[in-house]
Amino acid sequence: MASQTQGIQQLLAAEKKAAERVAEARKRKAKRLKQAKEEAQTEMERYRVEREKQFKQYEAMVRKISLPLLELHMGTRTDIAAKIDGETKSKISGMAKSFQNNQEEVIQFLLTLAFDIKPELHTNAKLQAKLGEPAA
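None of the values given here were measured: they were computed from a predicted structure.

**Describing the overall build of the protein**
In terms of regular secondary structure, the protein is built from three helices and zero strands. The linear arrangement of helices and strands in the protein, starting from the amino end, is α-α-α. Here the C-alpha atoms of the protein give a radius of gyration of 46 Å, more than 25% beyond the 14 Å that 2.2 N^0.38 yields for 136 residues. Across its three principal directions, the C-alpha atoms of the protein cover 125 × 75 × 15 Å. Counting over 136 residues, the protein shows a buried share of 1%.

What follows is the structure, encoded as structure tokens:
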């Protein structure tokens, strides 16, 4: 009986030791995963910074090349602004001319609509009269 108790004690101790090792292994695994995640984050950040730097360089190069070509094609900003101002003024003067030409005609049309009133009964009143119902 004593050997049986001793055997059970050994099994319990071995089980406890195995559980501790499993827990330790899980901790190590979690630590490795955390470390790998941190390394991946720093690698991604470094890559993002590098790509951003490349993009800025490319953007500067494109601006350096395309801005003079754009100015040759369209003109400088002041030329473009002057052109837009001229077009705007010509459109406004065209609208003012159109207003002057059509002003009298529009006023006459509106006066005709306002003063040429033909009094007649409302459709509901006509219907009541047909049906012989008293007006309310």
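**Examining the domain arrangement of the protein**
Along its sequence, the protein is organised into domain 1 (11–71) and domain 2 (79–112). A separation of 64 Å is found between the C-alpha centroids of domain 1 and domain 2.

**A short note on helix 3 (residues 123–131)**
Along an α-helix, residues three or four apart share an orientation, since each turn contains 3.6 residues. In terms of burial, helix 3 is a largely surface element, zero of the nine residues being buried. At the exit of helix 3 stands Gly132, carrying a positive phi of roughly 80°.

**Description of helix 2 (residues 77–115)**
Counted at 1.5 Å a residue, the expected span for helix 2 with its 39 residues is 57 Å, and the 54 Å between its end C-alpha atoms agrees. At Asn102, helix 2 shows its largest kink, close to 50°.

**Overview of a nonpolar patch on the surface**
A surface patch of nonpolar side chains, about 500 Å² in accessible area, is lined by Phe55, Tyr58, Met61, Val62 and Ile65. Topologically, Ile65 is positioned in helix 1 (residues 2–74).

**Brief notes about the pattern of salt bridges**
Using the criterion set out here, one finds four salt bridges in the structure. Notably, a salt bridge pairs Arg46 with Glu43, separated by 2.1 Å at the nearest N-O pair. In this pair, Arg46 and Glu43 both sit in helix 1, three residues apart, roughly one turn of the helix. One network of salt bridges, with partners in common, ties together Glu45, Arg48 and Glu52.

**Here's the deal with the environment of Ser3**
Among the structural elements, Ser3 can be located in helix 1. Here Ser3 falls in the exposed class, since its relative accessible area comes to 56%. As a C-alpha pair, Ser3 and Ala18 span 15 residues in sequence and 22 Å in three-dimensional space.

Thresholds, definitions, all that
Residues numbered from 1 in each chain as written. Predicted model: local features only at pLDDT ≥ 70, side-chain atom pairs only at ≥ 80, totals over all residues. Heavy atoms only, no water. Helix = DSSP H or I, 4+ residues; strand = E, 2+ residues; numbered from the N terminus. Rg over C-alpha atoms; globule rule 2.2 N^0.38 Å. Buried < 20%, exposed > 50% of the residue type's maximum accessible area, 1.4 Å probe, protein only. Domains from an automatic or database assignment. Expected span 1.5 Å × (residues − 1). Bend = angle between axes of the 7 residues up to and from the residue. Patch = residues over 30% accessible without salt bridge, like charges linked within 9 Å, V, L, I, M, F, W, Y side chains within 5 Å. Areas by Shrake-Rupley, 256 points an atom, 1.4 Å probe, with all protein chains shown as cover. Salt bridge = Lys/Arg side-chain N within 4 Å of Asp/Glu carboxyl O.

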